[in-house]
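Here are the chains, one letter per residue:
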Amino acid sequence: MNAIDRNRHGRSLSVLITILWLMPAGISSQERVQEYVEVNQVELIVRVMDRGGSPVSGLSQKDFAVTENGSPVPITSCVEVKRRINSAAIASGRVPATPRFFLVYFWVWQDSEVYTKALDTLFERIYQDGDTVILSLPVSTRVIQRRSDIAPVRAEFERDLREWTRQRSQNLESIIANLNRLLRDLIENDRLLATMDTDWGFIRAFETFRSSVLSDWQFFRSRFLDIPNRDFKRLAELMRGIKHQKWAVVFLQPPTFPTVHPNAIFWTRFENPSQADQLRNFSNEMIRLMNSPHEPEVQLQAIEQAFIRCNTTFHLVRMDTNRDETDKNPDLALREVYSDRQWTFQRLVQATGGKNIQDNIPDRALQRIADAEDIYYLLTYRPAQEDGRTSGDERRLVINCSQPGARVFHVRSMRLSEVEEIRLAEFHCDATRLKFILTGYAVRMEGERLRSDIRVRISAESARGEVRTFTRDFDTAEPFLQVSMDLHFPHSGHFQLYFHAEDRFTGHVVKENQVVQVILADKPAVEHPGGDRT
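Residues numbered from 1 in each chain as written. Predicted model: local features only at pLDDT ≥ 70, side-chain atom pairs only at ≥ 80, totals over all residues. Heavy atoms only, no water.

1. A look at the overall build of the chain
Here is step 1: Of regular secondary structure, the chain possesses 12 helices and 27 strands.
Here is step 2: Once local pairs closer than 6 in sequence are excluded, the contacts in the chain between residues at least 24 apart make up 77%.
Here is step 3: Carbon and sulfur atoms make up 47% of the accessible area of the chain, which amounts to about 25800 Å² in all. (Helix = DSSP H or I, 4+ residues; strand = E, 2+ residues; numbered from the N terminus. Contact = heavy atoms within 4.5 Å. Areas by Shrake-Rupley, 256 points an atom, 1.4 Å probe, with all protein chains shown as cover.)

This is the structure:
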């Protein structure tokens, strides 16, 4: 990874260390030994909810049991994590020690000034320098990374929001007006009703009515419902790599579609009961259609799992839809439509310990969210070693909790090869210096501080068996640890260099071995055992 790539992905910590007696010379490419990583512990994010859906606190390692591919595996640690958006650090006005990431998603259909008040609350009472905020609609996304971004980016987003709600409101008004017209045509067209004795006129009018309603329904689905969930899953996968505390807040208005009101005077205008029954059956058919899922459940479950993996706490603010349009048309009623996206949001709230709030004042709901406590557990366990009968590295996981009536939410499967683990992004030696870059290590919150726990050990063994070791601990919260070491060997000869870095939070280890030939002009060469000289 070159310097440009590193700068794109985040700041790096550079440390200069001098080791008094190591100094390498040239390195042959044939002498390099391939780096390898030991995965001897796996970290899992686990949330436990009671019967009422509230997070359970106070659990310890003995309260959990983990099975991997159906077999129990030992739990090596359990850490309870408690956090809230309005923590003491934020309330005191200090810049938060931990970077924070907020996804604010508007799944709404009608324009309202309450959205502006919600954004006022977000940026006046919650936002702090260093936060990243994504303002998102189904069709657009705006990113705020610094305070100076707020005014211009917010103005652009509110313009997008007004245009989005304006178009959807016009679409719904058009559908309502068309349905009302179709009902009038069905009842009041004297030319068609004149042939009621044969039902020919009604049948023709009813088929026109039915096909037009179904056409409006398809148009409604394309504008309100058919927004790919895969885009939402991709967002979760991108968020997984962000080393921030992460929250998502969704403001939601349930989508609605007009149907014939069950108690409308309209029904009494049919002289032939069979005609009313035919229309009533179609109305019930439409209600069933409106309540049917459109995407496979397995796809929606994949989105839930993706957000559990990226450790994002989801909150949902549900607001009522204004029904003024149907009040002008007493024969019609607006019914809520089943939405795969809304169902996904509700599952995410449940699985990530968030709040599901019904409130038509979203700024008040946002304040409740900011004060809510989030509780989860970091479990580490030792994975079973693969044997000759095991194909691949996929592990199916089940986590049970001894708490009566509790529900446990966690990732259900994983691949060891995809476990986020400490890695050498770069390893290089020249005549006087060893340089390496580590990445992929765990970063955790301790108190109000985000930190890692990395131990680096470097040993050098001479041809005659002399071994000297250097050890250094690091606790950087940055995504890359870049280290540069001066190396000074005591004499010429061949040395075996052993590099060992351990992520002490997870137990993952990365190693690198290398043979180094050292030639010092003012130091005598050292004989190998057996009399050979170098």
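2. Notes on the sheet that holds strand β7 (residues 100-107)
Here is step 1: The strand order β9-β8-β7-β10-β12-β14 describes an open sheet built from six strands, whose pairing is mixed. Edge positions in the sheet fall to β9 (140-144) and β14 (356-358), since each of these pairs with one other strand and no more. Across the sheet, the axes of successive neighbouring strands diverge by a mean angle of 15°, strand direction being ignored.
Here is step 2: In terms of strand pairing, strand β8 (residues 132-137) meets β9 through five bridges, oriented antiparallel. Residue pairing for β9: S136 is matched across the bridge by T141. (Pairing = 2+ DSSP bridges. Axes fitted to C-alpha atoms, helices over the stretch in contact; angles between N-to-C directions.)

3. Structural notes on helix α3 (residues 114-126)
Here is step 1: A rise of 1.5 Å per residue sets the reference length of α3, with its 13 residues, at 18 Å; its end C-alpha atoms lie 17 Å apart and thus fit the reference within 8%.
Here is step 2: Residues V114, Y115, A118, L119, T121, L122, F123 and I126 constitute the buried set of α3. (Expected span 1.5 Å × (residues − 1). Buried < 20%, exposed > 50% of the residue type's maximum accessible area, 1.4 Å probe, protein only.)

4. Quick word on the packing of aromatic side chains
The geometry of two aromatic rings is summed up by the distance between their centres and the angle between their planes.
Here is step 1: What the rule picks out here adds up to 21 aromatic pairs.
Here is step 2: Grouped by ring-pair contacts, the aromatic residues Y105, W107, W109, W164, W217, F220, F224, F257, F307, F314 and F345 constitute a single cluster.
Here is step 3: Over the ring of W247 we find R83; its NZ or CZ atom is 4.5 Å from the centre of that ring.
Here is step 4: Its guanidinium or amino end placed over the ring of W164, R168 lies 3.7 Å from that ring's centre, counting from NZ or CZ. (Phe/Tyr/Trp six-rings, centres within 6.5 Å; stacked < 30°, edge-to-face > 60°. Lys NZ or Arg CZ within 6 Å of the ring centre and 35° of its normal.)

5. Overview of the pairing of strand β15 (residues 374-381)
Here is step 1: Of all eight residues in β15, eight are buried; the element is thus mostly enclosed.
Here is step 2: Across the two faces of β15 the burial is the same, with D374, Y376, L378 and T380 and I375, Y377, L379 and Y381 all buried.
Here is step 3: One ladder, built from eight bridges, connects strand β6 (residues 75-83) with β15; its direction is antiparallel. The residue bridging E80 from the neighbouring strand is Y377, located in β15.

6. Points about helix α11 (residues 340-352)
Here is step 1: Taking 1.5 Å of rise per residue, 13 residues should cover 18 Å, and α11 covers 18 Å from first to last C-alpha, within 8% of that figure.
Here is step 2: Across the 13 residues that make up α11, a large majority, 10, are buried.
Here is step 3: Buried within α11 we find D340, R341, Q342, T344, F345, R347, L348, V349, A351 and T352.
Here is step 4: Its side-chain oxygen placed 3.2 Å from the backbone nitrogen of R341, S339 serves as the N-cap of α11.
Here is step 5: Just beyond α11, the residue with positive phi is G353, at close to 75°. (Polar contact = N/O pair within 3.5 Å; in protein donor to acceptor, adjacent residues only side chain to side chain.)

7. A word on the sheet that holds β15
Here is step 1: Taken in spatial order, the four strands make up an open sheet running β6-β15-β3-β17, and their pairing is antiparallel. Two strands lie at the open edges of the sheet, namely β6 and β17 (407-409), each paired on one side alone. Across this sheet, the average inter-strand angle for adjacent strands is 30°, counted without regard to direction.
Here is step 2: As defined by bridge partners, strand β3 (residues 42-49) adjoins β15 across five bridges and the pair is classed as antiparallel. Bridge pairing in β15 links V42 to Y381.

8. Side note on the environment of R240
Here is step 1: Mapped onto the elements, R240 comes out in helix α7 (residues 229-240).
Here is step 2: Using a relative accessible area of 37% as the deciding quantity, one classes R240 as partly exposed.
Here is step 3: Along the sequence, R240 and R309 sit 69 residues apart, while their C-alpha atoms lie 6.8 Å from each other.

9. Description of the side chain of N311
Here is step 1: Looking at the secondary structure, you find N311 in the loop between α9 (297-309) and β12 (312-318).
Here is step 2: Aside from chain neighbours lying at most four places away, what touches N311 is I45, R47, R83, K246 and Y376.

10. Let's talk about empty space enclosed by the protein
Here is step 1: Under the defined criterion, the tally for this structure stands at five cavities of 30 Å³ or more.
Here is step 2: Volume-wise, the largest cavity comes out at about 80 Å³.
Here is step 3: Along the walls of the largest cavity sit L179, F209, V213, F257, P258, T259, V260, F282, S283 and M286, which together make up its complete lining.
Here is step 4: Looking at the lining of the largest cavity, the elements that each hand over two or more residues are α6 (200-225), β11 (256-260) and α8 (273-290).
Here is step 5: Counting residues per element, the lining of the largest cavity draws most heavily on β11, which supplies four residues. (1 Å grid on protein atoms, 1.4 Å probe; cavity = no way out; pocket = protein on both sides within 12 Å on 5 of 7 lines; lining within 4 Å. Points joined across faces, edges and corners; volume = space filled by probe spheres on them.)

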